[in-house]
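# An overview of the molecular structure
The residues making up each chain are set out below.
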Amino acid sequence: MKRFLALSLAVTAAMSVAAFAQQEEKKYPEPEKMSPRMSEYWTPQPKVVTPGDIKTNTAPSDAIVLFDGKDLSAWKSKKTGEAAGWDVKGGVVTVNKKAGDIMTKEEFGSFQLHLEWRIPKDIEGKSQARGNSGVFLQGKYEVQILDNYENETYVNGMVGSLYKQTPPLVNPMRKPGEWNVYDIIYTAPVFKEDGTYLYRPRVTVILNGVVVQNNTELLGTTEYIGFPKVAKHGDGPIILQSHGDPSKPISFRNMWIRKM
Ligand code: MG
């Protein structure tokens, strides 16, 4: 028995050596030799965009200007669909709490949004009742605007939060009376046929040059009461919130959006 085992091992070993030798002999084509130019392509060339002028706060050349200090012709009242009814003065628009929320006439999918906002210098109130507003992406998802300069509140409802979902990474808010700058990069969701998300909406928020949301997924609508809701939708407007808190109304300037 032992001898038989030794013999079969020897035979197997011999066969493997033969197979290896045979494999070595077989020649396959070598891959083509690469040159640097083989992995370089030249078209299509990205469209040339003239960036905005930092000194004069102008928008990039391919942006849709939502507010340039003159009028609210890009906006309407959410409640009535008529004129927006907020107060434009000195290149700045201030919330009119009686007029309610305002929304863009145009609707958007994925975009880059720029807006500047200012809390009044003599703001009063605490927690959520201090300069509360907000910007709704596709009319459904609120990036909170609130005076959280030395004013604490629930963190998933503070400035830079995706309201009642995700707190900001940090709080880079400027003092009341100074201008804050939001740059928001938003990727619209893709839905399955049953109305749930195939890909959730995602948002990056930069506040005063500091990242506060980094490609954060939204779970659904940003509800004041209850859980996020998911319902199939298409393009939607930008909505600016006129919050019912009793504090002084906040102001906006220099708003523009780029479709992506
Ligand atoms: Mg709000």
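Since the structure is predicted, the reported quantities are computational estimates derived from the model, not experimental observations.

Turning next to the overall build of the protein chain. When its secondary structure is counted, the protein chain shows 1 helix and 15 strands. Dimensions along the principal axes, computed over C-alpha positions, put the protein chain at roughly 100 × 50 × 40 Å. By the burial criterion, 40% of the 260 residues in the protein chain qualify as buried. For the protein chain, the exposed surface amounts to about 16,000 Å²; the carbon and sulfur share of it is 57%. Charge centroids of the protein chain, computed over 33 positive and 29 negative side chains, lie 2 Å from each other.

Right, let's get into the pairing of strand 13 (residues 210-217). Looking at chain direction, strand 12 (residues 202-207) and strand 13 are connected through 5 bridges and run antiparallel. Across the sheet, the residue bridging to Ile206 is Val211, located in strand 13. In this antiparallel pair of consecutive strands, strand 12 and strand 13, the connection spans 2 residues, and Asn208 shows a positive phi of 55 degrees.

The next thing to look at is the sheet that holds strand 5 (residues 102-104). In spatial order, the strands read 2-5-14-7-8; together these 5 strands make up an open sheet with antiparallel pairing. Of all the strands in the sheet, just strand 2 (75-77) and strand 8 (141-145) have a single pairing partner and so form its edges. Pairing between strand 7 (residues 133-137) and strand 8: 5 bridges, direction antiparallel. Bridging across to strand 8, Val135 finds its partner in Val143.

Let us look at the side chain of Thr222. Along the chain, Thr222 turns up in the loop between strand 13 and strand 14 (239-240). Judged by relative accessible area, Thr222 falls into the buried class, the value being 9%.

Scanning the entire structure with this criterion turns up 7 aromatic pairs. Aromatic pair Trp86 and Phe252: ring centres 6.2 Å apart, planes at 25 degrees, arrangement stacked. One end of the pair, Trp86, is in the loop between strand 2 and strand 3 (87-89); the other, Phe252, is in strand 15 (residues 251-259), and 166 residues separate them in sequence. Residue classification places Trp86 among the buried positions, given a relative accessible area of 6%. An angle of 55 degrees between the planes, with centres 6.2 Å apart, marks the rings of Tyr154 and Tyr163 as tilted. A connected cluster of aromatic rings, assembled from ring pairs, spans Phe108, Phe111, Tyr141 and Tyr186.

Bringing the environment of Tyr28 into the picture now. Structurally, Tyr28 can be placed in the loop between helix 1 (2-25) and strand 1 (64-67). Of the polar contacts made by the side chain of Tyr28, one reaches the side chain of Lys26; its length is 3.4 Å.

The next subject is the nonpolar core. Ranked by internal contacts, the top residues of the largest apolar core, which has 43 residues, are Trp75, Leu115, Trp117, Val135, Tyr182 and Phe252. Residue assignment for this core shows that the elements contributing at least two residues are strand 1, strand 6 (111-118), strand 7, strand 8, strand 9 (179-187), strand 12 and strand 15. Considering every element that reaches this core, the biggest residue donor is strand 6, with 4 residues.

What follows covers unusual backbone geometry. Pro44 follows Thr43 through a cis peptide bond whose omega is -5 degrees. Position of Pro44 relative to the elements: it lies in the loop between helix 1 and strand 1. Positioned with a positive phi, Gln138 is a non-glycine residue whose angle comes to about 50 degrees. Relative to the assigned elements, Gln138 resides in the loop between strand 7 and strand 8. For Gln138, a relative accessible area of 4% puts it in the buried group.

Calculation rules
- Residues numbered from 1 in each chain as written.
- Predicted model: local features only at pLDDT ≥ 70, side-chain atom pairs only at ≥ 80, totals over all residues.
- Heavy atoms only, no water.
- Helix = DSSP H or I, 4+ residues; strand = E, 2+ residues; numbered from the N terminus.
- Buried < 20%, exposed > 50% of the residue type's maximum accessible area, 1.4 Å probe, protein only.
- Areas by Shrake-Rupley, 256 points an atom, 1.4 Å probe, with all protein chains shown as cover.
- Lys, Arg positive; Asp, Glu negative; His and termini not counted.
- Charge placed at Lys NZ, Arg CZ, Asp CG, Glu CD.
- Pairing = 2+ DSSP bridges.
- Phe/Tyr/Trp six-rings, centres within 6.5 Å; stacked < 30°, edge-to-face > 60°.
- Polar contact = N/O pair within 3.5 Å; in protein donor to acceptor, adjacent residues only side chain to side chain.
- Core = buried A, V, L, I, M, F, W, Y, C linked by side-chain atoms within 4.5 Å.

What is shown is where atoms sit, not what they do.
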